[in-house]
Structures are given as C-alpha cells and as structure tokens.
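Topology and contacts: notes
Chain by chain, the residues:
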Amino acid sequence: MNNIRLYFNDLGFDVETISDTIFLAQKKGSHFMFLKFTDYYFVRYDENLSTEKIKECHETSKIIANKDFKLPKSLRLSVPNINSVFVTESNVTEEVASFVKKRSIDFIGGQQDSIFVIDRLCSKMYCAGREYSHISGEAKLIWGNSKDFKKLNGHNRSYQLMTNLFNSLYK
C-alpha cells in the first residue's frame, strides 16, 4: 500500500489518509483556460470484494468528491474525475471482474468516474479500459475513424495512470 501512496506522491498528488486501509490522492489540472479538472483516486485495500461493496464504496467516493463543487453537475466547467481503486490479495470473482469492466455512463454529465481492481494474488488489473471517440467529418483525415484522447478524456487519463502504476508494481 505504501508503494501505491508513493507513486501518487511522486506524480504531484496530494495524498490524504482516510483510514488504515483507505487513502485519497487528489490533483487539479487543466487542458485549456476553462477546461479544468480534478482527479480523485480513492484507494482501498480490501480482502472481501463483492459487487455490492464496490457499488457502495464507489457511491461514497462520488459523494465525497462532489462536495468540493458548488455548481450542479449540469452547469460545471470544472469536472471531477472520480476513481475508486480496490487493491486485494484474494481471488477476484468472475462477477466482480465483469462488473468492473462495464463502463458507467452519467447522462447528466459534469463528472467522470471509473473503477479499478488490482488483484495482487494473480497480478491482474480489472477495469473498463480505454474510451474511444468516434470521429466524423473532416477530422477523420487527421485522426481516422476513432481516437482515444489520452489527456483530455478523464477515463483514458485514469486508465493510463493506473496501467503505469500496475506496470511499476508487477513488471
């Protein structure tokens, strides 16, 4: 758990201990003048994962992160990117793995969220993966039919950061 905390510290995240098994890594950034974001990583060490526990913890993470924003989700220019990271040393069930691989969609907008499970026993990471944008019109000449915006898209930014963390731990 300390390796993961140090990883976030080295990347410039503010790391706050919530309990013995949970910490929050938080960092603000921007792409352009008015496209600001805040990345939240709620990292939990847990031996007994279930879909119900993941849902409950992730909902709690979203509530905590949204307290930092005064505007309703539909009016925000600064978007939170909320990530729940579960680290376990017990076998991840097929039910948990398939649940985590589903992408959650917020139809109102104003936030992005992802769930990651790192199985230390099997050295595997479970998540929804990259998100690709389908390109139309003249932009196809530049980017082709689809593009994964690695820094602009919060899901992809989180996926890249967590993949780098996983590779630093296990490769």
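Our structure is the block above this text.
What comes next concerns the included structure. Worth saying up front: this structure is predicted, and the values here are computed from it rather than measured. As a convention, each chain's residues are numbered from 1 in the sequence order in which they are written. Only residues with pLDDT of 70 or above have their local features reported here, since the model is predicted, and side-chain atom pairs are shown and tallied only from 80 upward, although totals for entire chains, interfaces and linings are computed over all residues. Remark: hydrogens and water are excluded; side-chain values derive from all non-hydrogen atoms of the structure.

**Topic: helix H3 (residues 94-101)**
When we look at burial in H3, the residues that qualify are Val96, Ala97 and Val100. Axial view of H3: buried residues confined to an arc of 100°, hence all on one face. Projecting away from the buried face of H3 at angles above 90 degrees are the exposed residues Glu94 and Glu95. Here the buried face of H3 lies against helix H2 (51-66), strand S5 (112-119) and strand S6 (124-126). Throughout, exposure labels follow a simple rule: accessible area from a 1.4 Å probe, protein chains only, divided by the maximum for the residue type, with under 20% read as buried, over 50% as exposed, and the rest as partly exposed. Numbering of helices and strands runs from the N terminus; a helix is a DSSP stretch of H or I covering at least four residues, while a strand is a stretch of E covering at least two. By construction, the arc corresponds to the directions joining the helix axis to the C-beta atoms. By definition, residues are in contact when any of their heavy atoms lie within 4.5 Å.

**Thoughts on the nonpolar core**
In this text, buried Ala, Val, Leu, Ile, Met, Phe, Trp, Tyr and Cys residues form a nonpolar core when linked through side-chain atoms within 4.5 Å. Among the nonpolar cores identified, the biggest contains 18 residues, and Phe8, Tyr41, Val43, Val85 and Met162 are the most heavily contacted of them. Among the elements of the structure, helix H1 (2-10), strand S2 (22-30), strand S3 (36-45), strand S4 (78-88), S5 and helix H5 (154-170) are those that each provide at least two residues to this core. Val85 has contacts with Tyr41, Phe42, Val43, Arg44, Phe116, Ile118 and Met162, leaving out every residue within four places of it along the chain. Counting residues in hydrophobic clusters, the runner-up holds 11 residues, among them Leu49, Val92, Ala97 and Val117.

**Regarding the pairing of S4**
For S4, the tally of buried residues reaches nine of 11 residues, placing the bulk of the element in the interior. Each pair of strands is called paired provided DSSP finds at least two bridges between the two strands. Where S3 lies against S4, 10 bridges are found, and the strand directions are parallel. Looking at S4, one finds that Tyr45 is bridged to Val87. For S4 and S5, the ladder comprises eight bridges, and the chain directions are parallel. Bridging across to S5, Thr88 finds its partner in Asp119.

**Quick word on the pattern of salt bridges**
Here a salt bridge means any side-chain nitrogen of Lys or Arg lying within 4 Å of a carboxyl oxygen belonging to Asp or Glu. What the rule picks out here adds up to four salt bridges. With a shortest N-O distance of 3.0 Å, Asp39 and Arg157 are connected by a salt bridge. Of this pair, Asp39 sits in strand S3 while Arg157 sits in helix H5; the two residues are 118 residues apart in sequence, bridging distant segments of the chain. When its relative accessible area of 5% is taken as the criterion, Asp39 is described as buried. Ionic pairing is found between Asp46 and Lys53, a salt bridge with its closest N-O pair at 3.2 Å. By relative accessible area, Lys53 is classed as partly exposed at 29%.

**Quick notes on the side chain of Asp119**
Inspection of the secondary structure puts Asp119 in strand S5. Residues adjacent in sequence count toward polar contacts only when both atoms are side-chain atoms; beyond that, a polar contact is any pair of N or O atoms within 3.5 Å, and within protein one must be able to donate a hydrogen and the other to accept it. At 3.3 Å, the side chain of Asp119 and the backbone nitrogen of Cys122 are in polar contact.

**Topic: the sheet that holds S6**
Across a sheet, paired strands are connected by hydrogen bonds in the backbone, their directions being either parallel or antiparallel. Spatially, six strands are ordered S1-S2-S3-S4-S5-S6 in an open sheet, and the strand pairing comes out mixed. Edge positions in the open sheet fall to strand S1 (14-17) and S6, since each of these has one partner strand only. Between one strand axis and the next, the sheet turns through 20° on average, direction left out of account. Working convention: axes come from line fits to C-alpha atoms, limited for helices to the stretch in contact. Angles between N-to-C directions cover 0 to 180 degrees. Its contacts with the sheet place H3 against S5 and S6, and it is angled at close to 150° to S5.

**Focus on unusual backbone geometry**
Residue Ser123 is not a glycine yet carries a positive backbone phi of 55°. Along the chain, the position of Ser123 falls in the loop between S5 and S6.

**A short note on the packing of aromatic side chains**
Centres within 6.5 Å are what make two rings of Phe, Tyr or Trp a pair, Trp counting through its six-membered ring; a difference in plane orientation under 30 degrees is then read as stacked, over 60 as edge-to-face, and the rest as tilted. The final tally for this structure, using the stated rule, is seven aromatic pairs. Seen from their ring centres, Tyr7 and Phe8 are 5.8 Å apart, and the 80° between their planes marks the pair as edge-to-face. Across the pair, exposure class does not vary: Tyr7 and Phe8 are buried alike. Put simply, the rings of Tyr7, Phe8, Phe13, Phe23 and Tyr41 pair up and form one aromatic cluster. A cation sits over an aromatic face here: Arg5 above Phe23, 4.6 Å from the ring centre. The side chain of Arg157 reaches across the aromatic face of Phe37, ending 3.7 Å from its centre. By definition here, charges over rings are those cases where NZ of Lys or CZ of Arg is within 6 Å of the ring centre and within 35 degrees of the ring normal.

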